[in-house]
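Listed here are the chains, written in short residue letters.
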Amino acid sequence: MSHHKSIQEEVAEAKSMFPAVNVPTSTPSFLIATYQRTPYTKIKMTLTFPDGYPTHPLIVNIDQDAVVPPGLKKKLEKELNTVAVEQP
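Just so it is clear, the model here is predicted, and its values are computed rather than measured.

Here's the deal with the overall build of the chain
- Within the chain, the secondary structure is distributed over 2 helices and 4 strands.
- Out of the 88 residues belonging to the chain, those deemed buried represent 24%.

Structure below.
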């Protein structure tokens, strides 16, 4: 139960820190977020909270569309997953 509360608190904190990021779906298992910088640039990501989170790092997936080139998608996922692993 505290695992779920911890995630809920982190989601609330992230929403307050990044108000431009829209979080349409958030559960104890995953979070879907979108960020639209301009009318033509929008990115959607899914953060998965694995069993054992926060001891085990988040899994980050960038959903690709025509706006996000495959190379940028791969780079963003790699960098975000590296940051997730480095977090205590």
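A short note on the sheet that holds strand 1 (residues 21–26)
- Taken together, the 4 strands give an open sheet; going across it, the order is 1-2-3-4, and neighbouring strands pair in antiparallel fashion. Two strands in the sheet have a free side with no partner beyond their single neighbour: strand 1 and strand 4 (59–63). The average undirected angle you get between the axes of adjacent strands in this sheet is 25°.
- Inspection of the sheet shows strand 1 paired to strand 2 (residues 30–38) by 4 bridges, in the antiparallel sense. Directly across from Ser26, in strand 2, lies its bridge partner Leu31.

Section: the side chain of Thr34
- In this fold, Thr34 is placed in strand 2.
- Once residues within four sequence positions are removed from consideration, Thr34 is found in contact with Ala20, Val21, Asn22, Lys42, Ile43 and Lys44.

About the criteria used
- Residues numbered from 1 in each chain as written.
- Predicted model: local features only at pLDDT ≥ 70, side-chain atom pairs only at ≥ 80, totals over all residues.
- Heavy atoms only, no water.
- Helix = DSSP H or I, 4+ residues; strand = E, 2+ residues; numbered from the N terminus.
- Buried < 20%, exposed > 50% of the residue type's maximum accessible area, 1.4 Å probe, protein only.
- Pairing = 2+ DSSP bridges.
- Axes fitted to C-alpha atoms, helices over the stretch in contact; angles between N-to-C directions.
- Contact = heavy atoms within 4.5 Å.

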